[in-house]
Number of protein chains: 2
Amino acid sequence: MKALAEMIEASLGDKEIDLLIKNGKVINVFSGEIEKKDVAIYKGIIVGFGDYRARKILDIKGEFLCPGLIDGHVHIESSMLTIPRFAQAVIPHGTTTVVIDPHEIANVMGIDGIKFMVESSKRIPLNVFIMLPSCVPATNLETSGAKLDAKDLKPLFKEDRIIGLAEMMNFPGVINRDPEVLKKIEMANRKIIDGHAPGLSGKNLYAYLMANIRSDHECTKPEEALEKLRNGMWIMIREGSTAKNLKDLLPIVNTKNSRRFLFVTDDRHPKELVEDGHIDSLIKISISSGLDPILAIQMATINPSQYFGLNNLGAIAPGYRADLISLEDLKKFKIKKVFKDGSLVFNNGRTLISYDKKLKLSIKTKSVRIKPLSDESFIIKSDKAYAKVIKIIPDQIVTEKVVKRVILKDGIAYPDIKEDILKIAVIERHRATGNIGVGFVQGFGLKKGAIGSSISHDSHNIIIVGTNDIDMLKAAEAISEMGGGLVAVSDKKVLESLALPIAGLMTDISVAEVQKRLSAIGKVVKSLGCKLSDPFMTLSFLSLPVIPELKITDKGLVDVNSFKIVPLFEE
Amino acid sequence: MKALAEMIEASLGDKEIDLLIKNGKVINVFSGEIEKKDVAIYKGIIVGFGDYRARKILDIKGEFLCPGLIDGHVHIESSMLTIPRFAQAVIPHGTTTVVIDPHEIANVMGIDGIKFMVESSKRIPLNVFIMLPSCVPATNLETSGAKLDAKDLKPLFKEDRIIGLAEMMNFPGVINRDPEVLKKIEMANRKIIDGHAPGLSGKNLYAYLMANIRSDHECTKPEEALEKLRNGMWIMIREGSTAKNLKDLLPIVNTKNSRRFLFVTDDRHPKELVEDGHIDSLIKISISSGLDPILAIQMATINPSQYFGLNNLGAIAPGYRADLISLEDLKKFKIKKVFKDGSLVFNNGRTLISYDKKLKLSIKTKSVRIKPLSDESFIIKSDKAYAKVIKIIPDQIVTEKVVKRVILKDGIAYPDIKEDILKIAVIERHRATGNIGVGFVQGFGLKKGAIGSSISHDSHNIIIVGTNDIDMLKAAEAISEMGGGLVAVSDKKVLESLALPIAGLMTDISVAEVQKRLSAIGKVVKSLGCKLSDPFMTLSFLSLPVIPELKITDKGLVDVNSFKIVPLFEE
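Residues numbered from 1 in each chain as written. Chains lettered and ligands numbered in written order. Predicted model: local features only at pLDDT ≥ 70, side-chain atom pairs only at ≥ 80, totals over all residues. Heavy atoms only, no water.

### A closer look at the interface of chain A and chain B
On the side of chain B, 64 residues touch chain A, which itself brings 64 residues to the contact. Carbon and sulfur atoms make up 54% of the area that chain A and chain B hide from each other, which totals about 5,600 Å². The tally of links from chain A across to chain B stands at 12 salt bridges. Taken together, the links from chain A to chain B amount to 16 residue pairs in polar contact (both at pLDDT 80 or more). At the level of secondary structure, the elements contributing two or more residues to the side of chain A that touches chain B comprise α1 (2-12), β2 (34-42), β3 (45-49), α6 (171-175), α7 (179-187), α8 (202-209), α9 (222-230) and α14 (302-308) of chain A. Across the side of chain A that touches chain B, the residue classes break down as 28 nonpolar, 18 polar and 18 charged. (Contact = heavy atoms within 4.5 Å. Buried area = accessible area lost by both parts, 1.4 Å probe. Salt bridge = Lys/Arg side-chain N within 4 Å of Asp/Glu carboxyl O. Polar contact = N/O pair within 3.5 Å; in protein donor to acceptor, adjacent residues only side chain to side chain. Helix = DSSP H or I, 4+ residues; strand = E, 2+ residues; numbered from the N terminus. Nonpolar A, V, L, I, M, F, W, Y, C, P; charged D, E, K, R; others polar.)

### Let's talk about the sheet that holds strand β20 (residues 399-405) of chain B
All names here are of chain B. Overall, mixed pairing links the 8 strands, which are arranged β20-β19-β24-β23-β26-β25-β27-β28 in an open sheet. Each edge of the sheet is formed by a strand with only one pairing partner; in this case those strands are β20 and β28 (493-499). Strand-to-strand twist across the sheet, computed as the mean angle between neighbouring axes with direction ignored, equals 25 degrees. By the bridge criterion, 5 bridges tie strand β23 (residues 421-427) to strand β26 (residues 462-466) in an arrangement that is antiparallel. Of the residues in β26, the one forming a bridge with Lys423 is Gly466. Contacting β23, β25 (450-453), β26, β27 (485-490) and β28, helix α15 (residues 469-482) runs over the sheet at an angle of about 150 degrees to β27. (Pairing = 2+ DSSP bridges. Axes fitted to C-alpha atoms, helices over the stretch in contact; angles between N-to-C directions.)

### Observations regarding the packing of aromatic side chains
All names here are of chain A. Evaluated as defined, the whole model comprises 10 aromatic pairs over all chains. Here Trp234 and Tyr307 contribute two aromatic rings whose centre-to-centre distance is 5.4 Å and whose plane-to-plane angle is 50 degrees, an arrangement assigned as tilted. Taken together, the residues span a long stretch of sequence, with Trp234 in strand β12 (residues 234-238) and Tyr307 in helix α14 at a distance of 73 residues. Overall, Trp234 belongs to the buried group, its relative accessible area being 5%. (Phe/Tyr/Trp six-rings, centres within 6.5 Å; stacked < 30°, edge-to-face > 60°. Buried < 20%, exposed > 50% of the residue type's maximum accessible area, 1.4 Å probe, protein only.)

### Description of the sheet that holds strand β18 (residues 380-381) of chain A
Residue and element names in this part refer to chain A. One open sheet holds the 3 strands; their spatial order is β18-β22-β21, and the pairing between them is antiparallel. The outermost strands of the open sheet, each flanked by one partner alone, are β18 and β21 (407-409). Where β21 lies against strand β22 (residues 412-414), 3 bridges are found, and the strand directions are antiparallel. Residue pairing for β22: Leu408 is matched across the bridge by Ala413.

### A look at the relation of the copies chain A and chain B
For the pair chain A and chain B, the relating rotation is 180 degrees, the translation along its axis is 0.0 Å, and the fit reaches an RMSD of 0.1 Å. Interpreted geometrically, this transformation is the action of a two-fold axis. Minimal C-alpha separation from the rotation axis in chain A is found for A:Thr255, amounting to 3.5 Å. Both copies share a contact surface, since 100% of the interface residues of chain A are interface residues in chain B too. (Least-squares fit on C-alpha atoms with pLDDT ≥ 70 in both.)

### Side note on the pattern of salt bridges
According to the stated counting rule, one finds 67 salt bridges over all chains in the structure shown. In this structure, A:Glu224 and A:Lys228 form a salt bridge, with 2.8 Å as the shortest nitrogen-oxygen distance. Linking A:Glu224 with A:Lys228, this pair stays in helix α9, spanning 4 residues, or about one helical turn. Across the pair, A:Lys228 and A:Glu224 agree in class, each one buried. A salt bridge links B:Lys183 to B:Glu180, with the nearest nitrogen and oxygen atoms 3.9 Å apart. Highlighted residues: B:Lys183 and B:Glu180, both in helix α7 (residues 179-187), separated by 3 residues, approximately one helical turn. What makes B:Lys183 partly exposed here is its relative accessible area of 43%. Three or more residues joined by partner-sharing salt bridges are found here, namely A:Glu33, A:Glu35, A:Lys37 and B:Arg230.

### Things to note about the side chain of B:Ser144
Within the fold, B:Ser144 resides in the loop between β8 (127-132) and α5 (150-153). With residues near it in sequence (within four places) discarded, B:Ser144 still touches B:Asn107, B:Pro137, B:His430, B:Arg431 and B:Ser459.

### So, the state of the cysteines
A full pass over the atoms with the stated rule returns 0 disulfides over all chains. Lacking any disulfide linkage, B:Cys135 is separated from the closest cysteine sulfur, that of B:Cys219, by 18 Å. (Disulfide = S-S within 2.5 Å.)

### Observations concerning the confidence of the model for chain A
Mean pLDDT over chain A stands at 96; residues scoring 70 or higher make up 99%. Interface confidence in the predicted complex, given as ipTM, is 0.95; pTM for the same model is 0.96. (pLDDT = per-residue confidence, 0-100.)

### As for the environment of A:Ile325
Locating A:Ile325 in the fold gives a position in strand β14 (residues 324-329). Distance in space between the C-alpha atoms of A:Ile325 and A:Val487 is 39 Å, their sequence separation being 162 residues.

### A closer look at helix α2 (residues 83-90) of chain B
All names here are of chain B. For α2, a buried count of 8 out of 8 residues is recorded, marking the element as mostly surrounded by other parts of the structure. Residues Ile83, Pro84, Arg85, Phe86, Ala87, Gln88, Ala89 and Val90 constitute the buried set of α2. Lining the buried residues of α2 we find β6 (69-74), β7 (95-100), α4 (111-119), β8, α11 (270-275) and α16 (511-527).

### Examining the environment of A:His93
Residues and elements named next belong to chain A. Structurally, His93 can be placed in the loop between α2 (83-90) and β7 (95-100). Each C-alpha atom, one on His93 and one on Val26, is 18 Å from the other, the two residues being 67 residues apart in sequence. Setting aside anything within four residues of it in sequence, one finds His93 in contact with Leu69, Leu273, Gly277, His278, Asp280 and Ile335. For His93, the side chain forms a polar contact with the side chain of Asp280, separated by 2.9 Å.

### Structural notes on the environment of B:Asn254
Turning to its location among the elements, B:Asn254 is positioned in the loop between α10 (246-249) and β13 (261-264). The sequence separation of B:Asn254 and B:Thr399 amounts to 145 residues, and the corresponding C-alpha distance is 37 Å.

### Some thoughts on the pairing of β7(A)
Residues and elements named next belong to chain A. With respect to burial, β7 is a largely interior element, 6 of its 6 residues being buried. As defined by bridge partners, strand β6 (residues 69-74) adjoins β7 across 4 bridges and the pair is classed as parallel. When the sheet's bridge partners are listed, Asp71 is paired in β7 with Val98. For the crossover that starts at β6, traverses α2 and ends in the parallel β7, the hand is right-handed. (Right-handed = clockwise from strand over helix to strand, strands pointing away.)

### Regarding the packing of α8(A) against helix α1 (residues 2-12) of chain B
Where α8(A) contacts α1(B), the axes come no closer than 8 Å and their chain directions differ by 160 degrees. Taken together, the axis directions place α8(A) and α1(B) in an arrangement best described as roughly antiparallel. Seen along the crossing, α8(A) lies across α1(B) with a hand that is right-handed. The residues of α1(B) that touch α8(A), namely those facing A:Lys203, A:Asn204, A:Tyr206 and A:Ala207, are B:Ile8, B:Ser11 and B:Leu12. Residues that form the contact of α8(A) with α1(B) fall into these classes: 4 nonpolar, 2 polar and 1 charged. (Parallel < 35°, antiparallel > 145°, perpendicular 65-115°, else oblique. Left-handed = near helix turned anticlockwise from the far one by under 90°.)

### So, unusual backbone geometry
Residue and element names in this part refer to chain A. Residue Val136 is joined to Pro137 through a cis peptide bond whose omega torsion reads -5 degrees. Tracing the chain through its elements places Pro137 in the loop between β8 (127-132) and α5 (150-153). Between His457 and Asp458 the backbone carries a cis peptide bond, its omega angle lying at -10 degrees. Of note, Asp458 is situated in the loop between β25 (450-453) and β26 (462-466). Residue Lys43 is not a glycine yet carries a positive backbone phi of 50 degrees.

Quick look at the structure:
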């Protein structure tokens, strides 16, 4: 009560405020206007406009002032960064709020993973709201680090920043009335439930909507987005590192319906965060494609605030948090300054806060536990020569199932490097079961060595592709020793690596540093003969058994169309 | 869970639904479009569109289908009707949801009054959401039936349909940081808090907004509404029986800002409910003034739904309640049918539900307790002849303070009928304190008899205006005997009356019946010489000590400008 009284006093001008930002052109997301006014800030809150006695006055000389940007749906794990490091990466791009789905870390660490995200997002210059992962594990065709039922998730809603249930990917589960799925839906009663339903239409869509699911970020075609919009879904336009839907969906946004659109990134890798930016990049593309800048800004500010009920975010008005960005040019959306809770955190190309302190948290994030491996771990015994091979389609996460003849010697099957048929292995790494799925993959192009990663959707077991078992073993052991990460090996030597010691997914170094290492690994992998543009990204999806056509998990080869584990060799 | 599974099944078309409304032109408040499609309804919920196997098919032959209308702020007590009777009155006008502030009944009956509103709004064809009265009593210059502190109100938030704190009229209390006011604000933390701040501007407005107050229905001028809109308030455009702001505010509504506007009635008396209608009348006026019909409809449907977080109301989409109205003509907004939860409740001029059953509730609504009166109760003893007189300004709720010579005989002051200076008395009627405030009023024009009412803002004591003490006594006694109501008396006889036995404010008869009686009383009062257009409305505001200039309560004459009880006679 004392706090509120103090804020009222500040608003009235009865006490010195902290900061007065003068001569800004304020973007008003309520009225759609641009107003010349001075913004008064006290204790991180906008307390008024006009003439105030201030401890500090900052003249921004006609720069535009825009509310801080909101990413309505992002898996921070895709950036490989801890949340403080992610904040450091996106603050220069004007992002001050994110709604995250800690789906990846939850698949590895369960409730502890979610708690880690809650803990590590405190006291940083980024508002982080959390939606609870709805599908852990994604399937029972793989061994995940955790299984989260409705009863596990429910107590977490006590946490202030946990505001809903994240993307309900299991839309067949909703439609077919899977009891555990419906339990989760009912647990989230009165909370927000995000959708994820690519291509769902007509009666199946209506059925999905009965579960109080009110958004979707999987629209790829205008007609699809229009149907979902008309049926009451908020449309999250996604522009991630792999899935890019902005240019396809922008044409349907107009003044009558724009209030129902949000911008999200879903997954952005370090490279795109460094080179393209974050939500600001969506605004830039939208404006340059002809969208009214105010509508574009609303889609990144007041609209997500409205959808998620973030009562004091997404606008420049009394009582709202002073998360602001200043722009030299509205149409180019060139960010000059970023204020978080009234503090200048980015100015003229320079980030003004340091994150160099070590993350100190009570939650243990070491996650890699594998049964000791040997040089026999990846042996494929067979008396048949025709194997089902995962054929990669470059730059896509779907694969093709092909049947190829492999090299057979003394009852053992070998990769055929000339034909680019390599060995692939998925090693269970959560509970040291010793599960290893082995098979063949075509399309990597490696001529020697092996590469591996502990990022492999959705269970994030260790996945290795190699030309020989010895280097594959070395790769797996190196990943295990780092507690997770990416590695390129040749002749039993680790050539390059990136340690991801937090859940095998993330690191607490800067985005620039991560990007430097990724680029170095990329060069090495290329030198080993690989022709893929992003081999680790491709690798990470080869274990995702919900995306067609042939995938591999620690339990074996998965025919996604039949949704079954299938034998490697053809009869 | 079984219920949800059943709804999903219905959506999929896997079971027979209850109703298919065919050939409607559906108004889509999300996309701003009008779509020809068939609406499928099961268990009161919209489950889909298109072809469904239905128990009942209704062909509406090209009529428009619009979501049921929402009144975002209304004191139902002003209609003098119980909630079931109010529902009966507004359903023909397409209203299917109201957000009420039971401020009047709470001033009489406290928590029991609020509970009565909760109880009596169950099982009726109207969704009723309740905002908790924030200012009971409005002042300490009167004796109310109850005093509601933050600690009294807080437990009520457990009730599902209690969604926030109603209009914070005590804006000086907010700005001056009155501890009890701030306690209420903090109690409503994370709930919706409605505002009421006529004319508040600049730093005072900013200070008020710090309290998380996010709407206002008191704007009378375009500039005022624009300032509040720009500062983040939702603007409730009010068109009540006395306060009418629609035509003044409509010009500022445009496609860029319309999402922040709502329609409300605040107070509608039986006469206007019968003659003009309800929220439909605001839509009609808006469209005929040139507003896009879709925007007007959004202001009465999806916008209030958004502001109040009424997740499944205000749109025609899967998962939304099947509260619908059909229109023969969009521009004339002529209502043909009304569906509540999928049931046809109004069709072609006829209401299809009966409310003739008696309200049976556990809460006692008898409220009138006065100390026995005598023919000496209203005597004014004085040795001075110049009195402060309340001068009525016709059709306004403000009064003028004038000083007049009254008739003085043997130390007793009498009304001067020739000069139209009548006697006015306010009799405390909640706890039989015996408090009576007496004074003089000019402007009623009564030549004989007396009139009285138990509706007198905000404490609703008994208020009587008369030409002589005997008739005033009769009027007070008659009101007491009825348990509250309106009465016209002459020559010791009750000429006409309307009993309002529920809290002295409401009755459980139909709006038509109430209006008939009011019209009869009106004629009688006219025959007694009164020239005011609505004498009981005028009377009811003479005790409201927050509206200038001179008012009267059970504690005596109130000079509103000095906010003090003042002596009746001048020195």
